[in-house]
Amino acid sequence: MRDLFKTLERLRTETVMEYCEEFNGIKSVLEHCNKHVKPFNKVYFRGGNEAFINELVRRLQDYLAEAGLVDKESKKPLPDKSHILRKILMFLMFNTDATYKFDLRSDQNIVHVLEICPLLPKFMLVTLVWELNLDQYFNEMLSYSPCWFSFQYFEPATDSLKYIDDAFEVLAKVEQLLKAIFITITRSELRVMDNVDKKIIYNKLYDYAMNLLRLFYTPDAEKFANFSKKKMYKYSGFALKHLLEMVLYAFDVYENSDVANPPENWPEYDICSQPCKKLNGNASSSEGSELKEQQMKIITALLNALQNNVLLVKIDIFIYWVEIDLNEKQTLQEVVGEMAYRVGERMVQNKVFGHDVQQQLKVIEIRPRTLEETIRESRIGDILNALDDQSLEYRVRRAWFNELINRTVVALGNDECLLAIKQNIKLMNVEHCKQIMDFIKLEIIRNHNEDLNDSDIDTKPNVENMDIDPEDYEEYYELILLAMENFSVDFILDVLNYQCKLFGYEPTLFARSDITHRSTEFFNKCDAETSEFDMQQFLLLTFEQPQLVWQNFFECACHSLQHISNYCKAVKRCRPLSNNYFRPQLMAAFNDLSCLEQRYFPALLCEIYFSLYYPDNKTEFLKQIIHKQVNQFLDNQQFTYLLPLVKCLNLINSYGESQSSKPLNFGEITAPVLLMAAQIMDKARWDLITYTDVRDEIVRECIQFIQKTSKKFLPNATEKDRKWITKVIKDSYKPLTQYYFQKYSMTPDQIPIEFDRFLIRLDIEDKSEAEMFLIINYVRCTMKETEWLARSERLLPHISDVMIILSGVVNETENPNSINNYRHCLSNYANIVQRFLLPQIEDDNKAIEKLEIKVLKIISSAPEQIYEETFMSFESLLLDIIRKCGRPLEENISKNIQKYVDTMKDCSAKQIFTDKLKALVTEMS
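Thresholds applied
Residues numbered from 1 in each chain as written. Predicted model: local features only at pLDDT ≥ 70, side-chain atom pairs only at ≥ 80, totals over all residues. Heavy atoms only, no water. Helix = DSSP H or I, 4+ residues; strand = E, 2+ residues; numbered from the N terminus. Rg over C-alpha atoms; globule rule 2.2 N^0.38 Å. Buried < 20%, exposed > 50% of the residue type's maximum accessible area, 1.4 Å probe, protein only. Areas by Shrake-Rupley, 256 points an atom, 1.4 Å probe, with all protein chains shown as cover. Lys, Arg positive; Asp, Glu negative; His and termini not counted. Charge placed at Lys NZ, Arg CZ, Asp CG, Glu CD. 1 Å grid on protein atoms, 1.4 Å probe; cavity = no way out; pocket = protein on both sides within 12 Å on 5 of 7 lines; lining within 4 Å. Points joined across faces, edges and corners; volume = space filled by probe spheres on them. Nonpolar A, V, L, I, M, F, W, Y, C, P; charged D, E, K, R; others polar. Phe/Tyr/Trp six-rings, centres within 6.5 Å; stacked < 30°, edge-to-face > 60°. Salt bridge = Lys/Arg side-chain N within 4 Å of Asp/Glu carboxyl O. Polar contact = N/O pair within 3.5 Å; in protein donor to acceptor, adjacent residues only side chain to side chain. Contact = heavy atoms within 4.5 Å. Patch = residues over 30% accessible without salt bridge, like charges linked within 9 Å, V, L, I, M, F, W, Y side chains within 5 Å. Axes fitted to C-alpha atoms, helices over the stretch in contact; angles between N-to-C directions. Parallel < 35°, antiparallel > 145°, perpendicular 65-115°, else oblique. Left-handed = near helix turned anticlockwise from the far one by under 90°. pLDDT = per-residue confidence, 0-100. Core = buried A, V, L, I, M, F, W, Y, C linked by side-chain atoms within 4.5 Å.

**Q** Which residues make up the overall build of the chain, and what values do they have?
**A** A count of helices and strands for the chain gives 46 helices and zero strands. The C-alpha atoms of the chain give 49 Å as radius of gyration, which overshoots the globular expectation for 925 residues (29 Å, by more than 25%). Taken over the C-alpha atoms alone, the chain extends approximately 145 × 90 × 55 Å along its principal axes. A total of 925 residues make up the chain; the buried ones form 51% of that total. Only carbon and sulfur atoms are counted for the fraction: they give 48% of the accessible area of the chain, which is about 46,100 Å². When the 110 basic and 137 acidic side-chain charges of the chain are each reduced to a single mean position, those positions are 5 Å apart.

Below is the structure:
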């Protein structure tokens, strides 16, 4: 276990130059050649060492091929082995005879591979780089390693080029070395360096650059002796091509130093990074200007070399370049001419690059075809090839993609094109989606007209009324759906609006067969408290079948608080598109009782009011929606439909009550809303034969609304509002309604009239008057209102007798509503007994006995349909009354009660009560 931990620790601390198996292989080859072929310290530059170097190269190539790092035939590096080949190059460099400004042994990342092999002379290292095809990694090292490390390798590299036979290969190597010099100079500002050292390095690098540029206009006569005239023409063209590429690259780096950064993180080249790391903010303006000056020296030298070469170009040379193909599409003349044009343009754009060569370049300039021109003249095959080329800039690929979509008929009618669109779906934008929908509509109309006789062709067919099979267009609308997965909400809404413009607001053309299931699944997932509403996914569903999805959303909002908030946010976010679904669905819901009876429908209306109408359009909501529906329901006596609207008013009224300053949520239209509530309460108020539980609940909700609203509104109400409300209430509504608006006609110091005295302004002189008043009004009151009646000393003694009288009236009416009303009255009476009658007679056994008998008489007189039900509901109250008697319970009281019970009609409830009564009597005796 301990060894395992040690191994893991070593792996954790492994560095980029960690010793590896390949180092051993390279080391063994070097040691063998140094010992058995020729010692490295005896090898001199151009000293007749070709045979020895060839042997060393052969052995190293064989080893690299055997290790699977290079191709066995071409000996070229394998791309997927680049990270190992970089390490091998640095391993060779750490084992040369070069000396450095800094002590490399201070770098713990490389000390273990430093000088562990026979040391290679620098010229031999460069030769090995060329022969082993390690140019790419060598140029990376020259570019991105510290300049104090890399600069001394430019001289042997430059010298070695004189002895490479292939003049075209030399040109390519010169370009890479010059770019490396420019990058090295540019990146020198990233490290702390002594100013003297920096100037020395700058001067040497400039000298190396000049030596490299001399190769362009002082060619080796011996090397070119065997060149034909046409080959010399070709050479001059390639020399210009490489020079122009270097100039353009230097322009790019000068204007943006980030271009000189490595495209990837290559830590192999980060040598002695800790002592050489530059601190943020150390760069001074003088250092920046010094760098720019050094860069311009190189650029000027490049432009001078370019000028020298341009002056050598004659018309016959330029014409000959058209015969040299660089690739399938471009000739040497086209490439050189276009680069010359770009160099000239850059010099115009940035005056810093001004040079006489600008005028001379015009001789060979060829304005490159713009991307738009190239694309416009391309064939479909060219477009598909361009889209397959992942190396193209996003802007360029996007332009090719636009062209493909613009050729809609071809693109959407070809499987290969459809596949290309799908593979590049992230390039699709809103306009492309619109183009595809235009194509679908045209196809539908074309197919429709083909199915008709020529004489019957409709010049303006209505797509919304056609019988269309969605499967015919499935592959097209799937492209739109895939594209919209990458769109923002605003872009998706743009597509949806266009869809509605073309196909109406209830299209089903784009719906997949399982849309209903997926819609339900989506809303079920969103119902979870921890789940956030995915607006993008919702809109993608609406694209398939908007009417269905919006309807499902509305129905979900009717029975889920979580959905209510999401629904209102979605409607608000998707306006004006959502108005085509939200308003019709809301108005349809008022005629759908199953929807109105949903638990959270009033809460949904309240949230709609505050989220979608308040404050600017609150009048529209209350007048055009709520008031209009209220009038309709009242006219049709649809009180079940009306109840959710009244509950909604109470929710609106209570909204924001937790705030320190209670808002007046109806604002300037509070007075009309109060009168609407009064109208509802007045018309919902019942009599003996019109009572329903719903009407009772409506009246109670209206009372709550009027009381709470008046409490906030009265202190702010204008005199005009007060007089108007008072007049309408007095002229139009019953006293039971008027009672709740007394204060609107009173001064703040006046006390409102009590409930019973408000209803009967005259004194009650005898029992019959009291009973008549109660018979008329008791059946119309809510429980709270019957409590107010019971507080009256002139009415309370008569309520029990009135209950017996009412039972007879109910029996005569034979109306089911009157039975329900009597149940309601019994419930209110039980409440009065508990709250008002019992507290008055506590410990008065005779009075308690009398009350018990009175309640039993009321039960006995109950209509036959509810006799047993009444007995059962009053059982607990009857026992509670007896418990008020003092202990021990007087025997004659229990006998009198039992005697009366025995006279009552038999039922199971009577037997249960009798048994409980006997048990209670025994307990209290």
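From this point on, the discussion continues.
**Q** Before we move on, could you go through empty space enclosed by the protein and cite the residues and values that matter?
**A** This structure, assessed with the given rule, holds one cavity of 30 Å³ or more. Roughly 40 Å³ of internal volume is contained in the largest cavity. Taken together, Leu178, Lys179, Phe182, Met246, Tyr249, Ala250, Ile298 and Leu302 form the lining of the largest cavity. Only α9 (167-187), α11 (229-255) and α13 (285-311) provide two or more residues apiece to the lining of the largest cavity. Residues that form the lining of the largest cavity fall into these classes: seven nonpolar, no polar and one charged.

**Q** Can you tell me about the packing of aromatic side chains, naming the residues and giving the values?
**A** Under the criterion given, the structure shown has 60 aromatic pairs. Relative to phenylalanine 755, the ring of tyrosine 739 has its centre 5.0 Å away and its plane inclined at 85°; by these criteria the two rings are edge-to-face. Residue tyrosine 739 is located in the loop between α37 (735-738) and α38 (755-759), and its partner phenylalanine 755 is located in helix α38; the two are separated by 16 residues in the primary sequence. According to the relative accessible area criterion, phenylalanine 755 is buried, its value standing at 3%. Taken together, the ring pairs in this structure connect Tyr505, Phe522, Phe523, Phe533, Phe538, Trp550, Phe553, Phe554, Tyr567 and Tyr581 into an aromatic cluster.

**Q** Break down the pattern of salt bridges for me, with residues and values.
**A** For the structure shown, the criterion picks out 40 salt bridges. With a closest N to O distance of 2.8 Å, lysine 173 and glutamate 169 form a salt bridge. Here lysine 173 and its partner glutamate 169 are both found in helix α9, four residues apart, which amounts to about one turn of the helix. The class of lysine 173 is buried, set by a relative accessible area of 9%. Residue classification places glutamate 169 among the partly exposed positions, given a relative accessible area of 32%. Where salt bridges share partners, they join Glu55, Arg58, Arg59 and Asp62 into one cluster.

**Q** Describe the side chain of serine 82, naming the residues involved and giving the relevant values.
**A** Looking at the element boundaries, serine 82 is found in helix α4 (residues 82-93). Engagement of the side chain of serine 82 in a polar contact is seen with the backbone oxygen of proline 79, the distance being 2.8 Å.

**Q** Can you break down the side chain of asparagine 828 residue by residue, with the values?
**A** Tracing the chain through its elements places asparagine 828 in helix α42 (residues 816-840). You can call asparagine 828 buried: its relative accessible area is 1%. Setting aside its immediate chain neighbours within four residues, asparagine 828 contacts Tyr778, Cys781, Thr782, Met783 and Thr786.

**Q** Run through the layout of surface pockets, naming residues and quoting values.
**A** Each pocket or cavity is described by its volume, and for the largest pocket that value is around 990 Å³. The wall of the largest pocket is formed by 25 residues, among which Gln330, Arg369, Leu371, Thr374 and Trp400 lie closest to the centre. Where the lining of the largest pocket is concerned, the elements lending two or more residues are α15 (332-349), α17 (371-376), α18 (380-388) and α19 (394-406). Among the elements that take part in the lining of the largest pocket, α15 stands out by supplying five residues, more than any other. For the lining of the largest pocket, the class distribution of residues is eight nonpolar, six polar and eleven charged.

**Q** Quick rundown of a negative patch on the surface? Include the residues and the values.
**A** There is a patch of like negative charges on the surface, built from Asp415, Glu471, Glu474 and Glu475. With respect to the helices and strands, glutamate 474 occurs in helix α23 (residues 474-484). Of the residues examined, glutamate 474 reaches a relative accessible area of 31% and is grouped as partly exposed.

**Q** Could you give an account of unusual backbone geometry, naming the residues involved and the relevant values?
**A** Geometrically, the link from arginine 575 to proline 576 is a cis peptide bond, its omega value of 5° lying close to zero. Its place among the elements puts proline 576 in the loop between α28 (561-573) and α29 (579-589). Positive phi outside glycine occurs at glutamine 637, with the angle close to 55°. For glutamine 637, the position within the fold is in the loop between α32 (618-635) and α33 (639-654). Phi is positive for glutamate 814, close to 50°, though the residue is something other than glycine.

**Q** Describe the packing of α32 against helix α34 (residues 670-684), and please don't skip the residues or the numbers.
**A** Two numbers describe how α32 lies on α34: the axes approach to 11 Å, and their chain directions differ by 15°. With respect to each other, α32 and α34 are oriented roughly parallel. The handedness of the crossing between α32 and α34 comes out as left-handed. Between α32 and α34, the contacting residues are Leu622, Ile626, His627, Val630, Asn631, Leu634 and Asp635 on the first element and Val673, Met676, Gln679, Ile680 and Lys683 on the second. Residue composition of the contact of α32 with α34, grouped by class: seven nonpolar, three polar and two charged.

**Q** Summarise the environment of arginine 887; cite the residues concerned and give the values.
**A** Take arginine 887: it is sitting in the loop between α44 (867-883) and α45 (891-903). With relative accessibility at 52%, the residue arginine 887 sits in the exposed group. In this view, arginine 887 contacts Glu923 and Met924; residues no more than four positions away in its chain are not counted.

**Q** Just give me the short version of α18, but keep the residues and values in it.
**A** Of all the positions in α18, only Asp382, Ile383, Leu384, Ala386 and Leu387 are classed as buried. Here the buried face of α18 lies against α19 and α21 (415-423).

**Q** Describe the confidence of the model for the chain, naming the residues involved and giving the relevant values.
**A** When pLDDT is averaged along the chain, the result is 87, and 92% of the positions lie at 70 or above. This stretch, residues 274-283, has a pLDDT under 50; its non-local contacts, to residues over four places away or in other chains, come to 15 contacts.

**Q** I'd love a proper account of the packing of helix α27 (residues 546-557) against α29, names of residues and values included.
**A** In helix packing, the relevant descriptors are the interaxial angle and the interaxial distance, both defined with respect to the helix axes. The contact between α27 and α29 brings their axes to 10 Å, and the two run at 55°. With respect to their mutual orientation, α27 and α29 come out oblique. You can see that α27 and α29 cross each other, and the crossing is right-handed. Facing α27, whose interface residues are Pro546, Gln547, Trp550, Gln551 and Phe554, α29 presents Tyr581, Gln585, Leu586 and Ala589. Each residue belonging to the contact of α27 with α29 can be placed in one class, and the counts come to six nonpolar, three polar and no charged.

**Q** Can you tell me about the nonpolar core, naming the residues and giving the values?
**A** Grouped together as the largest cluster of nonpolar side chains are 205 residues, with contacts concentrated most on Phe538 and Tyr829. The biggest single contributor to this core is α42, with eleven residues. Excluding its chain neighbours within four sequence positions, the residues that come into contact with tyrosine 829 are Tyr778, Ile799, Ser800, Met803, Leu837, Leu851, Lys854, Val855, Ile858 and Phe874. Of all hydrophobic cores here, the second largest spans 130 residues; its members include Leu56, Leu120, Cys147 and Val343.

**Q** For helix α26 (residues 535-544), give the residues involved together with the corresponding values.
**A** Since there are 3.6 residues in each turn of an α-helix, residues three or four apart along the chain are aligned in direction. Of all ten residues in α26, eight are buried; the element is thus mostly enclosed. Turning to α26, its buried residues are Met535, Phe538, Leu539, Leu540, Leu541, Thr542, Phe543 and Glu544.

**Q** Could you give an account of the environment of leucine 215, naming the residues involved and the relevant values?
**A** The residue leucine 215 is located in helix α10 (residues 195-217) in this model. Along the primary structure leucine 215 and valine 174 are separated by 41 residues, whereas in three dimensions their C-alpha atoms are 8.3 Å apart. Setting aside anything within four residues of it in sequence, one finds leucine 215 in contact with Leu161, Val170, Val174 and Tyr235.

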